[in-house]
Amino acid sequence: MPVQAIKSVATSRNGVGAFILQCRRLDFHYCDWAGSSRGMNKLLTSSLLPQQVTTKYPATEFRISSRPNKHPILKAYYINGNTKAICVRNLEPAQIIQKAELLLQNSGIKNKKIRGKNVVSQNESVRGIWSPLHGGLKNV
């Protein structure tokens, strides 16, 4: 009886061995004319974007494009195929950088509701426990 090896492939886990950033592309969309893009235009014309964001994330592709007559947005594309967009109208350049880093550090998966045990309080309720027998009786 010949001995056979177990056929299995090691499952890859992000962070074990090498870390792969989940965000593959970040788009900056702005409008030249609209006042809501004032902060985005300041950011793109200043040196804040290259210094604080692009040098920190060299594996991510950054695109800048104009969207006439639209509010400015940041749109992130992730490895798993999902996209996330954040509207940054009327925000200052520092706030836009915070939103960009939020998208860059995100994993791209949809938000999930965490199901767990119900909350149990140590203190009694101020109003007491509700019962349908409390209150005035109504005749029908």
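Preceding block: the structure.
Note that the coordinates shown come from a computational prediction; the quantities given were computed from them, not determined experimentally.

Peer 1: Teacher, can you tell me more about the pairing of strand 3 (residues 73-78) here?
Peer 2: A regular strand carries its side chains on alternate faces of the sheet. Counting buried positions over the six residues of strand 3 gives five, a clear majority of the element. When strand 1 (residues 23-30) meets strand 3, the two strands line up antiparallel, connected through six bridges. What sits directly across from cysteine 23, in strand 3, is tyrosine 78. Bridge analysis of strand 3 against strand 4 (residues 83-87) gives five bridges, and the strand direction is antiparallel. Across the sheet, isoleucine 73 pairs through a bridge with cysteine 87, a residue of strand 4. Connecting the antiparallel pair strand 3 and strand 4 is a turn made up of four residues, with glycine 81 showing a positive phi of about 100°.

Peer 1: Would you explain the nonpolar core in this entry?
Peer 2: One broad trend across soluble globular proteins is that nonpolar side chains are buried collectively. Within the largest apolar cluster, 19 residues are counted, with the highest numbers of intra-cluster contacts made by Leu26, Phe28, Met40, Leu43, Leu74 and Leu103. Broken down by secondary-structure element, the contributors of at least two residues to this core are strand 1, helix 1 (38-45), helix 2 (48-54), strand 3 and helix 3 (93-105). Here this core takes five residues from helix 3, the largest share from any one element. Aside from chain neighbours lying at most four places away, what touches phenylalanine 28 is Met40, Leu43, Leu49, Phe62, Arg63, Ile64, Ser65, Ile73, Leu74 and Ala100.

Peer 1: Explain the packing of helix 1 against helix 3 to me, please; I cannot follow it from the model alone.
Peer 2: The description of two helices packed together rests on the angle between their axes and the distance between the axes. Closest axis-to-axis distance for the helix 1/helix 3 pair is 8 Å, and the angle between their directions is 80°. For the element pair helix 1 / helix 3, the angle class is roughly perpendicular. In this structure, helix 1 uses Gly39, Met40, Lys42 and Leu43 to contact helix 3, whose residues at the interface are Pro93, Ile96 and Ile97. Residues belonging to the contact of helix 1 with helix 3 are distributed by class as follows: five nonpolar, one polar and one charged.

Peer 1: How should I be thinking about the sheet that holds strand 3 in this particular structure?
Peer 2: Sheet strands pair via backbone hydrogen bonds, and the direction of the pair is either parallel or antiparallel. With respect to topology, four strands assemble into an open sheet ordered 2-1-3-4, the strand pairing being mixed. Strand pairing shows two members of the sheet lacking a second neighbour, strand 2 (61-66) and strand 4, which therefore form its edges. Adjacent strand axes in the sheet meet at a mean angle of 15° when their direction is disregarded. Contacts between helix 1 and the sheet are confined to strand 1, strand 2 and strand 3, with strand 1 contributing the most and set at about 120° to the helix.

Peer 1: How should I be thinking about the side chain of serine 37 in this particular structure?
Peer 2: Along the chain, serine 37 falls in the loop between strand 1 and helix 1. Given a relative accessible area of 0%, serine 37 falls into the buried group. Polar contacts involving the side chain of serine 37 include one to the main-chain amide nitrogen of cysteine 31, which spans 3.2 Å. For serine 37, the residues in contact, after removing those within four places along its chain, are Tyr30, Cys31, Lys70 and Pro72.

Peer 1: Help me understand the packing of aromatic side chains in this model?
Peer 2: The final tally for this structure, using the stated rule, is one aromatic pair. The lysine or arginine in question, arginine 25, covers the ring of tyrosine 77, its NZ or CZ lying 3.9 Å from the ring centre.

Peer 1: I tried to follow the pairing of strand 1 on my own but got confused; where do I start?
Peer 2: Most of strand 1 is tucked away, with seven of its eight residues classed as buried. Inspection of the sheet shows strand 1 paired to strand 2 by six bridges, in the parallel sense. The residue of strand 2 that forms the bridge with histidine 29 is serine 65.

Analysis parameters
Residues numbered from 1 in each chain as written. Predicted model: local features only at pLDDT ≥ 70, side-chain atom pairs only at ≥ 80, totals over all residues. Heavy atoms only, no water. Buried < 20%, exposed > 50% of the residue type's maximum accessible area, 1.4 Å probe, protein only. Helix = DSSP H or I, 4+ residues; strand = E, 2+ residues; numbered from the N terminus. Pairing = 2+ DSSP bridges. Core = buried A, V, L, I, M, F, W, Y, C linked by side-chain atoms within 4.5 Å. Contact = heavy atoms within 4.5 Å. Axes fitted to C-alpha atoms, helices over the stretch in contact; angles between N-to-C directions. Parallel < 35°, antiparallel > 145°, perpendicular 65-115°, else oblique. Nonpolar A, V, L, I, M, F, W, Y, C, P; charged D, E, K, R; others polar. Polar contact = N/O pair within 3.5 Å; in protein donor to acceptor, adjacent residues only side chain to side chain. Phe/Tyr/Trp six-rings, centres within 6.5 Å; stacked < 30°, edge-to-face > 60°. Lys NZ or Arg CZ within 6 Å of the ring centre and 35° of its normal.

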